[in-house]
Amino acid sequence: MKALLYKCEAQRSSCGQCLKAPSVFECGWCIESRKCLLRQHCPSAEQNWMHHGRHNVRCSHPRITKIDPLTGPREGGTRVTIEGENLGLQVKEISHIQVAGVRCNPVPLLYISAERIVCDMAEALLPHSPGGPVELCIGVCSAEYRTLSTQTYSFVSPSFTRIRPLKGPVSGGTRLTVVGRHLDSGSGVSVYIHKEECLFVK
């Protein structure tokens, strides 16, 4: 004989985490008590209990806890990771993402339901874009389905001040150190000398 004990509330403190629970356990989000509960434990369950079988179920009050990276070039292409809670149950629920006022396009393959959105930045068209928070909407952009991050994203222009050593053998293998400003901006680093790639170490 086998028995599986499962408590809906355990490690499911948000609506999104609750509705991700396997449907076999019949957990649902109790709106009034703001807890993950079985239907029989939720007061006025007919109006207050959200569950998988309900049509167009969507968690309100999304919240952003972390964005990474916090800087990137104006030219776009930076891949931004947004973490938080109630960030939609499916990627198609994400109706609007702007990072510092610039469109950011979700990458469906890297999306984790309710917890993580990864998006690619478009180009910042203003020459002196000031930077700002991440804004996103789940479904409609009304107050209960819209959120702003507390962290802010800034646009920077990476630049070099010096390279050492200044020469090395044709056969390669020389380790170069490049010194400058904002060299850690963006989500990826590629280094080229003339048209030859220099393997990025750290």
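This one's a predicted model, so the numbers in the text were calculated from it and none came from an experiment.

Participant: Describe the UniProt feature "domain: IPT/TIG" (unreviewed entry) in the protein chain, naming the residues involved and giving the relevant values.
Facilitator: As annotated in UniProt, the feature "domain: IPT/TIG" (unreviewed entry) corresponds to residues 61–156 in the numbering used here. With 0% helix and 51% strand, the stretch residues 61–156 has end C-alpha atoms that lie 31 Å from each other.

Participant: Go over unusual backbone geometry, please, and point to the residues and values.
Facilitator: Cis peptide bonds are those with omega within 30 degrees of zero, and the linkage from Asp68 to Pro69 qualifies with 0 degrees. Relative to the assigned elements, Pro69 resides in the loop between strand 4 (63–68) and strand 5 (71–72). Pro165 follows Arg164 through a cis peptide bond whose omega is -5 degrees. Inspection of the secondary structure puts Pro165 in the loop between strand 12 (159–164) and strand 13 (177–181). Residues other than glycine seldom take positive phi values, yet His182 does so here, at roughly 60 degrees. Mapped onto the elements, His182 comes out in the loop between strand 13 and strand 14 (191–193). Using a relative accessible area of 31% as the deciding quantity, one classes His182 as partly exposed.

Participant: Go over the nonpolar core, please, and point to the residues and values.
Facilitator: Ile82, Ile97, Ile117, Met121, Leu136 and Tyr153 are the most contacted members of the largest nonpolar core, which has 22 residues in total. Apart from the residues within four sequence positions on either side, Ile97 is in contact with Ile82, Val102, Arg103, Cys104, Pro106, Ile117, Cys119, Val134, Glu135 and Leu136. The next biggest cluster of nonpolar side chains, apart from the first, holds 12 residues, and it includes Cys8, Cys18, Trp29 and Met50.

Participant: An account of the packing of aromatic side chains is requested, with residue identities and associated values reported.
Facilitator: Throughout the structure, instances matching the rule amount to 2 aromatic pairs. With a centroid separation of 3.8 Å and 5 degrees between ring planes, the pair formed by Tyr6 and Phe25 is classed as stacked. Here the residue Tyr6 occupies a position in the segment before helix 1 (15–19), and Phe25 occupies one in the loop between helix 1 and strand 1 (27–30), the gap between them amounting to 19 residues. Of the residues examined, Tyr6 reaches a relative accessible area of 33% and is grouped as partly exposed. Just above the ring of Tyr145 sits the side chain of Arg58; from NZ or CZ to the centre is 4.3 Å.

Participant: Could you give me a rundown of the state of the cysteines, with the residues and numbers involved?
Facilitator: Counted according to the given criterion, the structure contains 6 disulfides. Each bonded cysteine in the protein chain gets a number by its place in the sequence, and the pairs come out as 1-4, 2-8, 3-6, 5-7, 9-10, 11-12.

Participant: Would you mind going over the sheet that holds strand 3 (residues 49–50) in detail, with residue names and values included?
Facilitator: Spatially, the 3 strands line up as an open sheet ordered 2-1-3, and their pairing is antiparallel. Of all the strands in the sheet, the pair left with one neighbour each is strand 2 (35–38) and strand 3.

Each value, and the rule that gives it
Residues numbered from 1 in each chain as written. Predicted model: local features only at pLDDT ≥ 70, side-chain atom pairs only at ≥ 80, totals over all residues. Heavy atoms only, no water. UniProt positions renumbered as here; feature names shortened; annotations may be inferred. Helix = DSSP H or I, 4+ residues; strand = E, 2+ residues; numbered from the N terminus. Buried < 20%, exposed > 50% of the residue type's maximum accessible area, 1.4 Å probe, protein only. Core = buried A, V, L, I, M, F, W, Y, C linked by side-chain atoms within 4.5 Å. Contact = heavy atoms within 4.5 Å. Phe/Tyr/Trp six-rings, centres within 6.5 Å; stacked < 30°, edge-to-face > 60°. Lys NZ or Arg CZ within 6 Å of the ring centre and 35° of its normal. Disulfide = S-S within 2.5 Å. Pairing = 2+ DSSP bridges.

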